[in-house]
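Observations on the model geometry
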Amino acid sequence: MRRPDTATILTFALGLLAASCASSGSNPGSGSGGSGGSTTGSGGHSSGSGGSSGTGGTSSSGGTTSSGGTTSSGGVTSSGGMTGSGGATASGGATASGGGGGSGGATNSGGATGSGGTMASGGAGGRSAGGGSTGSGGTTASGGAGGRSAGGGSTGSGGGSTGGAGGGSSGPGFYSDDFESDTAGMQPAGWDNFIAYNYKATNPMGSLSAVADTTRTHNGSKLAVHFKSDGGMVFLERPLPSGTNHLFVRAYFYMTRQLGMGPSSANHESLLGIRANPSSADTEVRFGEIKGVVGTNHVPSDDIAPVMAKWNGPPIISANAWHCIEVEFNGAAAYNTLNAWADGTLVHSITQASDWAHAPPGEPATWMSGMFNTVFFGWQSFSSAANEIWMDDLVMSTSRINCSP
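Residues numbered from 1 in each chain as written. Predicted model: local features only at pLDDT ≥ 70, side-chain atom pairs only at ≥ 80, totals over all residues. Heavy atoms only, no water.

Let's talk about the environment of Trp 390
Counting through the fold element by element, Trp 390 comes out in strand β18 (residues 387–397). Once the C-alpha coordinates of Trp 390 and Asp 213 are considered, the two residues, 177 residues apart in sequence, prove to be 8.9 Å apart. Other than its neighbours up to four places away in sequence, Trp 390 contacts Asp 213, Thr 215, Arg 216, Val 225, His 226, Tyr 252, Phe 253, Tyr 254, Thr 256 and Trp 322. Among the polar contacts made by the side chain of Trp 390, one reaches the side chain of Asp 213 at a distance of 3.2 Å. Within the structure, the side chain of Trp 390 is placed 2.9 Å from the side chain of Thr 215, a separation counted as a polar contact. (Helix = DSSP H or I, 4+ residues; strand = E, 2+ residues; numbered from the N terminus. Contact = heavy atoms within 4.5 Å. Polar contact = N/O pair within 3.5 Å; in protein donor to acceptor, adjacent residues only side chain to side chain.)

Take a look at the structure:
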C-alpha cells in the first residue's frame, strides 16, 4: 500500500479541527446573559432570567418602568422607594415608606413636613400649631416661629393652621397670638373677617378696617391689630375647636371710647363674643356695653344684662389706655355663666336668670347652647358710636388666664 504523503496528513488534520469548532459554537440559550442576567437578577434594574433582555429585563416586570419602577407603585412618589421591590435600591428603596416622597408624601403624615413639622416644638415664639397648616404633621408644628398657637385651629380640632399650646408670647392656652409675624396694613394671617355683615369681605372697607399696624402696641411689641369703625360692624374671627363649651378669652385692648358710664343714648356696643355661624350675626353672645354699662347682649332673644337699675353706671374701662380684659363663656355650667374681668377685677357677671334685664323669665339655663362655633373681636355699635381699638397679646384657653405679659 502507498503511504500518504505529508501534504495529505496536514489536510486531514485541518478538517478535523474545523469540524470540532462547528459542533461547539455559540447559541441563544444559556450564555453570557443567562439566568439572573448580566447585572442584578430577578426584579433587577436591567436583567432577568434568560439573559440581558429576558424576563425581568430593562422593560419587563420589575424593571425601571414596571411595577415597582420609578413611576409605578413603590416609585418616587409612592410607598416602596425609588425602583420598587427588589430593584437597584432594594425593597423600601431610597426613600422608603414614609420617606421624602413615600407613603404620606411631602405634606402627609411621615413626610418631609410630617408630624412635628419643619419648625419643631419650642420655636421662637409667635404662631404655632400642633398639627400645622396642612393638617396633622403640617409645616408649622407645635411651638413654631411667630405668635399664634392653637389646638385645633382654623381647620378644626387638632391639625388646623393653628394647633397646640405654647409658642405664643402671651401665655398659656390652646391659642395665643401677639401678631408679630403679620404685615402692617394687612389682615392678620389665619383670621377671617366679618365686616358690615359681609363674610370674608374686602378689608379695609371704606371707614371699616381690621389690620395689623405699628401705631400702638402692648408690652413693647412691633405690631397689634387695629380695628377702626364709624360704628359699623368690623370683626376678625376664627373657629373654635370642635366640642368647646367652656372658653376664656383674654387680650389687651386700647380704645378711643370708654366702656361704662355711657351716655343715655347708648344702646348695644360689641367688643368680642361667640357665635353659632361665622357668616351670620343671628345667633351670638356679644360682650361689651349695653345701655351705657359694661354688659352682654344675647341674640336672637335681644335680651341684655345687667338689669335696668345698673344702666349708664360704673364700672368704667377707660379710653386711651391699655387694659387687660378677660371674658369667660361657660356653657358647661348648670346655668350657663358669663364673667368678665378688667385688669383682674370682676366687672360683669351673669350667673342666673334674674341677671337679665328682661327677667322674669330671663334666659333659659342653656342660653349659650350652639354658640361655641366661632369667636370674634372688634367693634359694632348700635348707637353709631365710633371707636378705634388696638388688640394685642391674645390668649384663648379652657381655664382662667389672668393678666400677664
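From this point, things continue past the structure.
Side note on the packing of aromatic side chains
What the rule picks out here adds up to eight aromatic pairs. Aromatic pair Phe 179 and Trp 191: ring centres 6.4 Å apart, planes at 40°, arrangement tilted. Of this pair, Phe 179 sits in the loop between β3 (175–177) and β4 (192–195) while Trp 191 sits in the loop between β3 and β4, and the two are twelve residues apart along the sequence. With a relative accessible area of 0%, Phe 179 lands in the buried category. Feature note: the residues Tyr 175, Phe 179, Trp 191 and Phe 377 constitute an aromatic cluster, connected by ring pairs. Positioned above the aromatic ring of Trp 191 is the side chain of Arg 238, whose terminal nitrogen or guanidinium carbon lies 5.1 Å from the ring centre. (Phe/Tyr/Trp six-rings, centres within 6.5 Å; stacked < 30°, edge-to-face > 60°. Buried < 20%, exposed > 50% of the residue type's maximum accessible area, 1.4 Å probe, protein only. Lys NZ or Arg CZ within 6 Å of the ring centre and 35° of its normal.)

Brief notes about unusual backbone geometry
The bulk of non-glycine residues show a negative phi, and the bulk of peptide bonds are trans. Cis rather than trans, the peptide bond between Pro 314 and Pro 315 has omega equal to 5°. Looking at the element boundaries, Pro 315 is found in the loop between β13 (303–305) and β14 (322–330). Even without glycine at this site, Phe 179 takes up a positive phi of about 65°. At Asn 312, a residue that is not glycine, the phi angle is positive and equals roughly 60°. Residue classification places Asn 312 among the partly exposed positions, given a relative accessible area of 31%.

A look at the pattern of salt bridges
By the definition in use, this model includes five salt bridges. Of the charged contacts in the structure, one is a salt bridge between Glu 237 and Arg 275, with a shortest N-O distance of 2.5 Å. Linking Glu 237 in strand β8 (residues 234–239) with Arg 275 in strand β10 (residues 268–275), this pair joins segments that are 38 residues apart in sequence. Residue Arg 275 is classed as buried on the basis of its relative accessible area of 0%. (Salt bridge = Lys/Arg side-chain N within 4 Å of Asp/Glu carboxyl O.)

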